[in-house]
Each structure stands twice: as C-alpha cells, then as structure tokens.
Amino acid sequence: MLTLPALSALLAATLSLELVAVNAHGLHAGAHHAHRGHAHKRQAPAGTDSVAAAASSATSFSLSVTGAVPLGTTAAASTTAAGAPAGGSTVVTSATTGATAATSVAAAPASSADIGTGVYDIPPLASITSGMPSGPLPSLTATYTPGATPSYISGAPPLPTKFMFNAADWPELDKVPPTDNDPLVQEWMKELDGHDIPDITPTQDGSCAGDPAAAAQAEERGWWTCGGWTSGNDIVACPDKMTWGVSFDDGPAPYNRKLLKYLEDKDLNATFFVVGSRVVSYPDILIAEYMAGHEIAVHTWSHHPLTALTNEQIVAELGYTRRAIQAVLGVTPTTMRAPFGDIDNRVRAISNAMGLQPIIWTTGPGGPFDTNDWHVPAGTVTGEQQFEIFEGLLGNATIMDTGFIVLEHDLFEITVDLAVGYTLDAALSHNPPFKLESIGTCMGMPPTDLYQETTTNKSSSTGQHSSSAAADGTDPDSSAAGHVFASSAFAGAAAAVVALAGLL
C-alpha cells in the first residue's frame, strides 16, 4: 500500500487536473474528450495545468451552464478520506436569513427506492457508482457584487473587490506551502507567542499504521486518529438530542451549486469546511455559500494530514486558507476542521492560538458519524451500499443523549448527488424527526462569532486535557480502524486514477 503522503500527492495532482477540465475547458470540455470515444467519468482526470483552474475562475463561474459535462474525479477519496464528514428536521434554519422556521416533516422512514428526486437531476441510487457518466453542470441561482453584505451577520464588512487569482501571491495549489523565508508565515508564527504549544514530534504520515510508536502514545498526544482522543475545546457534537449538525468538506467546487439550490429549497443551512486551494479556484461559489447564510470554516490549504507537519507548515496551511477566505469574502473564520480528522494536542494548540476552534464529527455508539460518501467515487462501495451505511447512522443517532455532527463532502458530483437525492431527504423524512442545523447554530453560537471581524468573543482559546471520544463506551480503537479503512480506500482510488489515466 502506498503511504498516506504519497496517496495525498497523487490524488491532489488528480484533483488539480480535474479542476482544469471544468475551468480551462469550460463549455468545450465535452468536445475536448468526445473525439477519444470515451464517456465522461465522474472520477476521470483531465487537463495539465493546475494554475489555469484558478486563473480562469474569475470569469467562468458566473456563466449559466446547463449542458456542459465536466469531468469528475476519484480525487474525492483524497479529500474525503482526509477530513470527510457532516450531517432532517421538523425545525430547520433558513439558509437565507439565519432564522428558524418550523416545518412539519416526519412520516414513515424513507427508503432508497422512494427518496431520489428528478428535480435536481439526481440519478437512481443504483446508478450512483464510481465511473458513472457526469450530469449537467449546474449554475448558481444568485450572484453578488462587491460591496454587498450578508443581512444575517451584524456589522459584517462588505464583499471585497472581485477576487482575481495571481499565482505569485499564493503557494502552489494542493501542495503544502513552503515555509522558508516566507514573510507571511513568519508573521503568522508570532500568533503562537505566549501560547503553550506541546513539543510533540510530527507523525510519519498521519496514520496509526504508518507510525506505531506515535500510535502507542495516542492518549498522551491527544491524537484523534488513533483512539478518538479529543480536547475540552473541540466541538464534537450538537448538544441537543436529535439535532443533526450539517457539514460538508473539501469544496468549494462546481457541483456544489446543486447542493446550494437544494439547501435553499429546503430552507436549510450548513457549515462548509473549505480548502484554500479550492477557494482561490472557485471564489464565486464560496461567495454564494456565505451570502446564502451558510457558515464558512477552515479546512487547510492542501488537505494534508496535519499531525505529519512541522509547526511552521501547520501555520502555513491554516494561515493561507484564512487569507484566501478573507480575500474573497472579507471575513476570517474562527473554526476549523483538520483533514482526515487528523488532530492532536500540538495541532489543537496551534489552531487555537490562531483563533481557530477545532470541529470534529461525532463518534457515537456505532462509530464515527461518517456517511462514507467518499467511498463511492473511490470505487470501494456502491451508492446503495453507502446508503445502507448511512441508514445505520440514523439508527445510532436516535439512541444518543446528544445531537451529532455528520461528515459529508461537496467536492465531487457523486457525493453531492448522494446528499441531495438521498441522505438529506432521508434525514428530513425520518421518524422520529431530526432537526438539521449548521454547526454554529446547533452550538448556539451567534453568526457574528463565526468570523474574527465580527466576533464579540475576544477571549483566547486554550487547549485542555485530552479525553476519549469513546467515553460513551465505544471501543476507542474504532477510530483508528476507520482511518486504516480510509487509507485502504484511498489506495484503491489512486489505482483507479492510474487506470483511468491509461484509458484517456
């Protein structure tokens, strides 16, 4: 099996290639590949220049595209395996105003046979599988001009001048930023002054199997990956029973537009953990998320396992993502999620020192609340198998005394189709009913406190002693096993990338 860093590099490269298929080829993507006689695959890579993706983003996202068929990619496994999770309701929060609206939902439990919908161009569940043809690229339902402000955040600064990508201003996309002689990183490192950053040696690759010595010290390290260890400052579950914390990782990306339309139609909002490299590639989609009332949080620049990085590299990953979000939106998030959930006390302390409170998905009686949507584009399960896994999560949720935070992904068409056509509908129609909310909302955090420019909470966050996420009696090794499973699926996805590359 390839090491996790090698897999991350391979699939990050694939992701960069896929983004060019959408941006650089634009409406001509179909024609570009049609002459080869191969159907478009949702996980098939295309293109050669990752910078072109971001460079063309300033003009490509406002197009109303309804018939283009961009390539998807197996790189979903890279981002999903890396930090993958998110989570129906009689009470839902408005995606446009942040207000709470009551609805009457709850009936008989939904099945995969009756919740798919044609309104959002969702294929039958049995057809959702790795390698299926892509659907039409959706358009944004609303665009926003510089100077506009979100009505739901008091005192929010106006949207900045339209973002234009300049490669000289940013690290290479999907690569850990270099830290040598970088004045921005040196400035951000000062934010750690006065904070107790544990002297913990970086792990080999962020996996338990890749670093047995570190895994043996998981409790001492507070390492979530190996044992589910958390800190008292980590947000790990919504406090109210039957409340679903809705979150999506790894975007923004083109098919997120379909998800935004669904959330608007259902009057729901969500928390989006965004990757810096995607932010500078798809700024208009990030703006649409933010202005619609969804919460924006940091998910690093390159989606690399953070425990495997030096202090300076962690600061660079978080700092450049904050900078990208602020450049596009004019605000800087106060929350973050580590890719793969790979966090320990050192990563926590650095995140907290930089004003970023960690959020992880819930570990419940049956294991982590990971929908496993990323396994489908990785080719390790089918859509129907993923939905069975998801239904098990719903059953576990009903026996918990608290709410929960669920992991889903919006980077690829397959994961968006699963969420829009099946998992979210099933949650909304569940009996007893769930309440679907963004994570900040379910935690009772005012929208102003989600961004540094508007927060009234000026107290600095500090790490606390670690405790196991398995406090409810769950085997603490379950999280480690889950990470190994993710790495295995990751390897399968990498093999699929190589095989598909040979076909194109």
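So, how was this worked out
Residues numbered from 1 in each chain as written. Predicted model: local features only at pLDDT ≥ 70, side-chain atom pairs only at ≥ 80, totals over all residues. Heavy atoms only, no water. Helix = DSSP H or I, 4+ residues; strand = E, 2+ residues; numbered from the N terminus. Buried < 20%, exposed > 50% of the residue type's maximum accessible area, 1.4 Å probe, protein only. Areas by Shrake-Rupley, 256 points an atom, 1.4 Å probe, with all protein chains shown as cover. Axes fitted to C-alpha atoms, helices over the stretch in contact; angles between N-to-C directions. Parallel < 35°, antiparallel > 145°, perpendicular 65-115°, else oblique. Left-handed = near helix turned anticlockwise from the far one by under 90°. Contact = heavy atoms within 4.5 Å. Nonpolar A, V, L, I, M, F, W, Y, C, P; charged D, E, K, R; others polar. Disulfide = S-S within 2.5 Å. Expected span 1.5 Å × (residues − 1). Salt bridge = Lys/Arg side-chain N within 4 Å of Asp/Glu carboxyl O. Core = buried A, V, L, I, M, F, W, Y, C linked by side-chain atoms within 4.5 Å. Polar contact = N/O pair within 3.5 Å; in protein donor to acceptor, adjacent residues only side chain to side chain. Pairing = 2+ DSSP bridges.

### Some thoughts on the overall build of the chain
Then step 1. The helix and strand inventory of the chain stands at 17 helices and 13 strands.
Then step 2. Counting only residues that meet the buried cut, the chain has 60% of its 504 residues in that class.
Then step 3. Element-wise, carbon and sulfur atoms account for 54% of the exposed surface of the chain, whose accessible area totals about 17,300 Å².

### Quick notes on unusual backbone geometry
Most peptide bonds take the trans form, and the phi angle of most residues other than glycine is negative.
Then step 1. Of note, the bond from glycine 251 into proline 252 is cis; its omega dihedral lies within 30 degrees of zero at 0°.
Then step 2. Here proline 252 lies in the loop between strand E4 (243-249) and helix H8 (256-266).
Then step 3. Residue proline 432 is reached from asparagine 431 by a cis peptide bond, and omega for that bond is 5°.
Then step 4. Tracing the backbone shows proline 432 in the loop between helix H15 (413-428) and strand E12 (435-437).
Then step 5. Residues other than glycine seldom take positive phi values, yet aspartate 267 does so here, at roughly 60°.
Then step 6. As for its position among the elements, aspartate 267 is in the loop between H8 and strand E5 (271-274).
Then step 7. You can call aspartate 267 partly exposed: its relative accessible area is 22%.

### Some points on the packing of helix H11 (residues 311-329) against helix H12 (residues 345-353)
Then step 1. The N-to-C vectors of H11 and H12 enclose an angle of 50°; their axes lie 10 Å apart at closest approach. The angle between H11 and H12 places the two elements in the oblique class. Pair H11 / H12 crosses with right-handed handedness. Along its contact with H11, which presents Asn311, Ile314, Val315 and Leu318, the element H12 presents Arg346, Val347, Ile350 and Ser351.
Then step 2. Broken down by class, the residue content of the contact of H11 with H12 amounts to five nonpolar, two polar and one charged.

### Here's the deal with the state of the cysteines
Any covalent bond linking the sulfur atoms of two cysteines counts as a disulfide.
Then step 1. Using the criterion set out here, one finds two disulfides in the structure.
Then step 2. One disulfide bridge connects cysteine 208 with cysteine 226, the sulfur atoms lying 1.9 Å from each other. Since a negative S-S torsion denotes a left-handed disulfide, the cysteine 208-cysteine 226 link at about -125° is left-handed. With cysteine 208 in the loop between helix H5 (183-189) and helix H6 (212-216) and cysteine 226 in the loop between helix H7 (218-221) and strand E3 (229-231), the pair connects residues that are 18 residues apart, well separated along the chain. Side by side, cysteine 208 and cysteine 226 carry an identical accessibility label, which is buried.

### Comments concerning H11
Then step 1. A rise of 1.5 Å per residue sets the reference length of H11, with its 19 residues, at 27 Å; its end C-alpha atoms lie 27 Å apart and thus fit the reference within 8%.
Then step 2. Just beyond H11, the residue with positive phi is glycine 330, at close to 85°.

### Concerning the pattern of salt bridges
Then step 1. Per the counting criterion, the structure on display carries nine salt bridges.
Then step 2. Measuring nitrogen to oxygen at the nearest pair gives 3.3 Å for the salt bridge that ties lysine 162 to aspartate 284. Of this pair, lysine 162 sits in the loop between strand E2 (100-102) and H5 while aspartate 284 sits in helix H10 (residues 283-291); the two residues are 122 residues apart in sequence, bridging distant segments of the chain.
Then step 3. Lysine 162 gets classed as partly exposed once you look at its relative accessible area, which sits at 39%.

### Concerning the environment of glycine 421
Then step 1. Tracing the backbone through its elements, the reader meets glycine 421 in helix H15.
Then step 2. In this structure the C-alpha to C-alpha distance between glycine 421 and proline 123, which are 298 residues apart in sequence, comes to 8.1 Å.

### Concerning H8
Then step 1. Among the residues of H8, those classed as buried are Asn256, Arg257, Lys258, Leu259, Leu260, Tyr262 and Leu263.
Then step 2. Residues of H8 that are buried in the fold lie against E4, E5, H10 and H15.
Then step 3. At the C-terminal side of H8, aspartate 267 shows a positive phi close to 60°.

### Topic: the nonpolar core
Then step 1. If you look at the biggest cluster of nonpolar residues, it comprises 103 residues, and the most contacted ones within it are Ile128, Trp244, Phe272, Tyr290, Ile296, Leu329 and Leu436.
Then step 2. The biggest single contributor to this core is H15, with 10 residues.
Then step 3. Look past the residues within four positions of phenylalanine 272 in its chain and what remains in contact with it is Phe248, Asn256, Leu259, Leu260, Leu263, Glu289, His294, Glu295, Ile296, Ala297 and Asp410.

### Overview of the environment of lysine 241
Then step 1. Note on placement: lysine 241 falls in the loop between E3 and E4.
Then step 2. Each C-alpha atom, one on lysine 241 and one on glycine 403, is 4.3 Å from the other, the two residues being 162 residues apart in sequence.
Then step 3. Ignoring anything within four residues of it in the chain, the contact list for lysine 241 reads Thr398, Ile399, Met400, Asp401, Thr402 and Gly403.
Then step 4. Polar side-chain contacts of lysine 241 include one of 3.0 Å to the backbone oxygen of threonine 398.

### Observations regarding the environment of asparagine 457
Then step 1. Among the structural elements, asparagine 457 can be located in the loop between helix H16 (439-442) and strand E13 (466-468).
Then step 2. Here the alpha-carbon distance between asparagine 457 and proline 446, two residues 11 residues apart in the chain, equals 9.9 Å.

### A short note on the pairing of E5
Then step 1. Burial of E5 is two-sided: the residues Thr271 and Phe273 facing one way and the residues Phe272 and Val274 facing the other way are all buried.
Then step 2. Relative to E5, E4 runs parallel, the two being bridged by three bridges. Paired with aspartate 249 across the two strands is phenylalanine 273, which belongs to E5.
Then step 3. Across four bridges, E5 lies against strand E6 (residues 295-298) in parallel orientation. Looking at the pairing, phenylalanine 272 lines up with isoleucine 296 of E6.

### Considerations on the packing of H10 against H11
Then step 1. Contact pair H10 / H11: the axes reach a minimum separation of 10 Å and the direction vectors enclose 75°. When the axes of H10 and H11 are compared, the pair comes out roughly perpendicular. Mapping the contact onto sequence places Pro283, Leu286, Ile287 and Tyr290 in H10 and Ile325, Val328 and Leu329 in H11.
Then step 2. Across the contact of H10 with H11, the residue classes tally to seven nonpolar, no polar and no charged.

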